[in-house]
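A structural walkthrough
Here is what each chain is made of, one letter per residue.
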Amino acid sequence: MKKAVAVLGIGTVLAVVVGAVPRAVESATPVSETIKASIRDYNECVVGTGELTYLGQHEITSSLPLVIEKLLVREGDIVEVGDTVATIDRDSSAALIESLGQVSALAISATNLSTAVALLPEKITSDCSGRVISAANSGQAVQSGYSVATVAQTEELAVTAAISELDIADIAVGQSVRFYLAAYPDEVFFGKVSAISQAARNQYNGAVLETVVDVTVTPDAPDERLKSGLSAEVEIQLSEPRSICVLPYSAIAQDDTGEYVYVYENDKAVRRDVFTGAEFADGTEIKKGVSANDVIFQNPQEIADRNYIRVS
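A brief look at the structure comes next. These figures come from a predicted structure and were not determined experimentally.

Cut-offs applied
Counting restarts for each chain: residues are numbered from 1 in the order of the written sequence. The predicted origin of the model limits local features to residues at a pLDDT of at least 70 and limits the giving and counting of side-chain atom pairs to 80 or more, whereas totals for whole chains, interfaces and linings rest on all residues. To obtain the side-chain values, all non-hydrogen atoms of the structure were used and water was disregarded. The term salt bridge refers to a side-chain nitrogen of Lys or Arg lying within 4 Å of a carboxyl oxygen of Asp or Glu. Helical segments are the DSSP runs of H or I of at least four residues, strand segments are the runs of E of at least two, and each set is numbered from the N terminus. Accessibility here uses a 1.4 Å probe with only protein chains present; expressed as a share of the type maximum, an area under 20% marks a residue as buried, one over 50% as exposed, and anything in between as partly exposed. Strands are labelled as partners when DSSP assigns at least two bridges between them. Any two residues whose heavy atoms approach within 4.5 Å are treated as being in contact. To get an axis, fit a line to the C-alpha atoms, keeping to the stretch in contact for a helix; angles then go from 0 to 180 degrees between the N-to-C directions. In this description, the arc belongs to the directions extending from the helix axis to the C-beta atoms. A pair of Phe, Tyr and Trp rings is counted when the ring centres sit within 6.5 Å of each other, with Trp represented by its six-membered ring. The angle between the planes then sorts it: under 30 degrees is stacked, over 60 is edge-to-face, the rest tilted.

The next subject is the pattern of salt bridges. In the structure shown here, the tally under the stated rule is 12 salt bridges. Two residues, Arg-40 and Asp-282, come together in a salt bridge whose shortest N-O distance is 2.9 Å. Linking Arg-40 in strand β4 (residues 38-42) with Asp-282 in the loop between β23 (275-280) and β24 (283-288), this pair joins segments that are 242 residues apart in sequence. Judged by relative accessible area, which is 24%, Arg-40 ranks as partly exposed. With a relative accessible area of 46%, Asp-282 lands in the partly exposed category. Notably, a salt bridge pairs Arg-225 with Glu-187, separated by 3.6 Å at the nearest N-O pair. With a gap of 38 residues between them, Arg-225 in the loop between β17 (208-219) and β18 (231-237) and Glu-187 in strand β16 (residues 184-205) connect regions that are remote in the sequence. Exposure remark for Arg-225: the relative accessible area of 26% places this residue in the partly exposed category. One network of salt bridges, in which partners are shared, links Glu-187, Asp-223 and Arg-225.

As structure tokens, then:
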């Protein structure tokens, strides 16, 4: 059954007597659907992205571009400081440097090709102790500053997540975290903030350069599914869960006085100002102005332009 009702703006009754609406006019009056606010549990959080790494994970690198002649370690090997990780093909490395047409700024006094070639090491040695978790291949070309081998100095995995500088003031060690792995999209993992970097850094988010601070999240429990290098999304919890009212964006309009909705009240469409909060993909929190029991009209901007509507 559809019923024609009057539309009320702020303090102005455009029409009040439903029974006075002629039948022909009523049948031509557009129909407006109604909804109620949904109730959901919500707790404020800060989000970020990163990856799983070992605590104390270290990259063994070279200050010059080079070509590996033979890799002497494999994944899982234990290395000590000074152990040889790889031997260098000096001729191929010299050709690589020449083809690049420039010398790494990390090559200290290398100002020309011959000086750079003279600085090429015969081997790469480990500058830390730990377990090899990844390594380049024999015959592979490695750019300056890139990893020849990665060594885990502990067996403890953690998520290193980049958090926007705009949110970092809200982050503290000990906060609870939910994190999600692309490898297991339907699973939720739990942890806590265990460290916050003392320095910010820049990174690109698409084409936008942003300033971020790295935050370390330690999982609450070991899990064989957690592996170094897996990408992760984190939600750092800032508050305890609370119940909130959520309306779809289609039920909310805005003008010079602020945001508003139309409520079905005493057989009339009554405008009511609202204050919104947290935003979601399917709607926004209503902090003030609407309760869970209120019946709300969809498409409030269309309603505001009419004297009468029909309620489905």
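There's more to say after this.
If you walk across this open sheet you meet the four strands as β10-β9-β7-β12, and the pairing is antiparallel. The sheet is open, and its two borders are formed by β10 (123-125) and β12 (141-142), each paired with just one other strand. Here strand β9 (residues 84-88) runs beside β10; their pairing, made up of three bridges, is antiparallel. From the neighbouring strand, Ala-86 faces β10, where its bridge partner is Ile-124. On the sheet, helix α2 (residues 90-100) packs against β7 (66-71), β9 and β12 and is oriented at approximately 155 degrees with respect to β7.

What follows deals with α2. Taken as a whole, α2 has its buried residues at Ser-93, Ala-94, Leu-96 and Ile-97. In a view along the axis of α2, the buried residues occupy a sector of 160 degrees, so they form one face of it. Exposed positions of α2 whose direction lies more than 90 degrees from the buried face are Asp-91, Glu-98 and Ser-99.

Checked against the element boundaries, Phe-179 lands in strand β15 (residues 176-181). Assessed through its relative accessible area of 0%, Phe-179 is described here as buried. The spatial distance from the C-alpha of Phe-179 to the C-alpha of Val-159 is 8.7 Å, given a sequence separation of 20 residues. Setting aside residues up to four positions removed in sequence, Phe-179 forms contacts with Val-159, Glu-187, Val-188, Phe-189, Phe-190, Gly-191, Val-217, Pro-219, Leu-226, Glu-233 and Val-234.

Further remarks concern the packing of aromatic side chains. Counting across every chain of the model gives five aromatic pairs. Ring geometry for Phe-179 versus Phe-189: centroids 5.5 Å apart, planes at 20 degrees, classification stacked. Of this pair, Phe-179 sits in strand β15 while Phe-189 sits in strand β16, and the two are 10 residues apart along the sequence. Across this residue pair, the class does not change: Phe-179 and Phe-189 are buried. With a centroid separation of 6.1 Å and an interplanar angle of 90 degrees, the aromatic rings of Tyr-260 and Tyr-262 are classed as edge-to-face.

Right, let's get into the pairing of β15. Side-chain alternation along β15 places Val-177, Phe-179 and Leu-181 on a buried face and Ser-176, Arg-178 and Tyr-180 on a face that remains uncovered. Summarising the sheet, β15 and β16 pair through five bridges and their orientation is antiparallel. Opposite Phe-179, over in β16, you have Phe-189 as the bridge partner. Where β15 lies against β18, five bridges are found, and the strand directions are antiparallel. When the sheet's bridge partners are listed, Val-177 is paired in β18 with Ile-236.

Honestly, it's all geometry; don't read function into it.
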